[in-house]
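# An overview of the molecular structure
Next come the chains, spelled out residue by residue.
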Amino acid sequence: MSPSAITPMTAMPVIAPGETAQSMTERICDITLREDKSVRTPLWWWIAFGLSLSLLGGGVVSVLWLFYAGLGIWGIDWPVAWGFDILNYVWWIAIASGGTFISALFFLLGVEWRTSLNRLAESLTLCAALCAAIFPILHLGRPWFFYWLFPYPNTMGLWAQFRSPLVWDFFAILAYVLCSTLFWYFGLLPDFATLRDRAQGRGQRVFYGILAMGFRGSNRQWRHYRPVYAVTAALMAPLVVSVHSIVGMDFAGAAATGWHSTQFPPFFVFGAALSGFAVVLLVLLPLRPLLGLQPYITARHIDVLGRLLLTSSLCVTYAYIMDAFSTFYGPDQADRTMFLIRVSGLYAPVYWGTVILNGVLPQLFWWRSFRLNPVLTWLICFGVLVGMWLERFQIIVTSLARTQLPSSWGQYTPTFWEWSLLFGTIGLFLTTFLLIVRLIPIVAMAEMRAMLRRPQ
């Protein structure tokens, strides 16, 4: 590749020219503190918050009705005993991975552009992981006994069934949520201290003072803070891979048609990266102008995220090709029958929608003009998230619906309550994220100040 081919990429700044540590701090603090009456909570935030609460309310109603009426309100039945519950769990936990890839992995690699995005990505991780944690518990049938999945001393001397995928999921989601929360909160301590020191109202000073936990920015505190943050990032990077490998083992460890394959753990990691980068771009593109973050989240960030999404799409496409190859190269006739039904039967639109949205559509990002077009990029990212949901649907439903015995074949049709719960978790995701945007700095001010003060 000639130097002229890479010059436009390297020429795009990470931060707009003329920005200083002071101007950046004042701008980000104004978004959160809003001391000036002219910058009170904007109308768009209230509209989005109201819509997300409406979706969340529908989800709460569906959960309450589930507790009252039982799992019979869902469309799951034999042989499709896994439906929207596990489908949405896998979809949400994949979305949650994008923040970890950006904030932890690229921190260890010393990538400079991630400084403006890590807080946004980590917040999306927490919101998506919270949504994912709901579904395995509801899937139990008696969710009020979810703690039985955890090995603890009890009067009956019983232990959890460690061969059950539900137990694997329980430990995976528990470890991921706890570590992600710790990593996110630990990175916020210096920024909470900044908000505490700049707040004018007593209530805000007390609120952010409690959250800052006595952080004063002394040399001694920074000397301990930096290595601990680096160690936490080093733990999060392999954790995100292990979590999605465990989710992939839910399927690879089963004898169902189309599942017993060693490619599922890396396949799910590829899909997690694709989902994560797509949701970060999907949220970033409208939030950037609404909050006035253009000086700190520049075209360079959008271009890099587009490249990462394209790379993830190529990895997922390779997995699709290998899935078809291994199916017809292998000796299992039931796998071949299931695959042919998947591509030409009742659920064929799901399969081809997955291929087009996840494999074909992102190929437009080979051209920078498409990557830097905000409307087109947003539509492609939305299509990728829909495509990843369709992928989870075809993996779970088509494999279970077409078992090895034709006499046991069945069909799955989701009910209104399953759709309501799905949109309810979308409402939960948006509600929690909007609250984070309103109360917490969406850009890591401490890391940005350190980068701005370095010689350029």
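Everything below is about the structure printed above this text.
Notes on the structure in this doc start here. (Residues numbered from 1 in each chain as written. Predicted model: local features only at pLDDT ≥ 70, side-chain atom pairs only at ≥ 80, totals over all residues. Heavy atoms only, no water.)

Taken together, the side chains of Phe150, Trp159, Phe162, Phe171, Leu174 and Leu178 present a nonpolar region at the surface, about 620 Å² in accessible area. Turning to its location among the elements, Leu174 is positioned in helix α7 (residues 165-198). Under the relative-accessibility criterion, Leu174 is labelled partly exposed at 33%. (Patch = residues over 30% accessible without salt bridge, like charges linked within 9 Å, V, L, I, M, F, W, Y side chains within 5 Å. Areas by Shrake-Rupley, 256 points an atom, 1.4 Å probe, with all protein chains shown as cover. Salt bridge = Lys/Arg side-chain N within 4 Å of Asp/Glu carboxyl O. Helix = DSSP H or I, 4+ residues; strand = E, 2+ residues; numbered from the N terminus. Buried < 20%, exposed > 50% of the residue type's maximum accessible area, 1.4 Å probe, protein only.)

Our focus in this paragraph is helix α13 (residues 348-360). Among all positions in α13, only Ala348, Val350, Tyr351, Gly353, Thr354, Val355, Leu357, Asn358 and Gly359 are buried. Residues of α13 that are buried make contact with α10 (264-290), α11 (299-329), α12 (333-344) and α15 (374-401). (Contact = heavy atoms within 4.5 Å.)

What follows deals with α12. Along its twelve residues, α12 runs 17 Å from first to last C-alpha, staying within 8% of the 16 Å computed at 1.5 Å per residue. Inspection of α12 places Ala334, Asp335, Arg336, Met338, Phe339, Arg342 and Val343 among the buried residues, and these make up the whole buried set. Looking at the buried side of α12, the elements it contacts are α11, α13 and α15. (Expected span 1.5 Å × (residues − 1).)

Next up on the list: the environment of Ile246. Mapped onto the elements, Ile246 comes out in helix α9 (residues 219-252). Classification of Ile246 as partly exposed rests on a relative accessible area of 28%. C-alpha separation for the pair Ile246 and Ile341, spaced 95 residues apart in sequence, amounts to 28 Å. The contacts of Ile246, once residues within four sequence positions are left out, are Trp168 and Ala172.

What follows concerns unusual backbone geometry. Between Trp78 and the following residue, Pro79, the backbone shows a cis peptide bond with an omega angle of 10 degrees. Within the fold, Pro79 resides in the loop between α3 (43-69) and α4 (84-95). One non-glycine residue, Met213, lies in the positive phi region at around 55 degrees. Relative to the helices and strands, Met213 resides in the loop between α8 (202-212) and α9.

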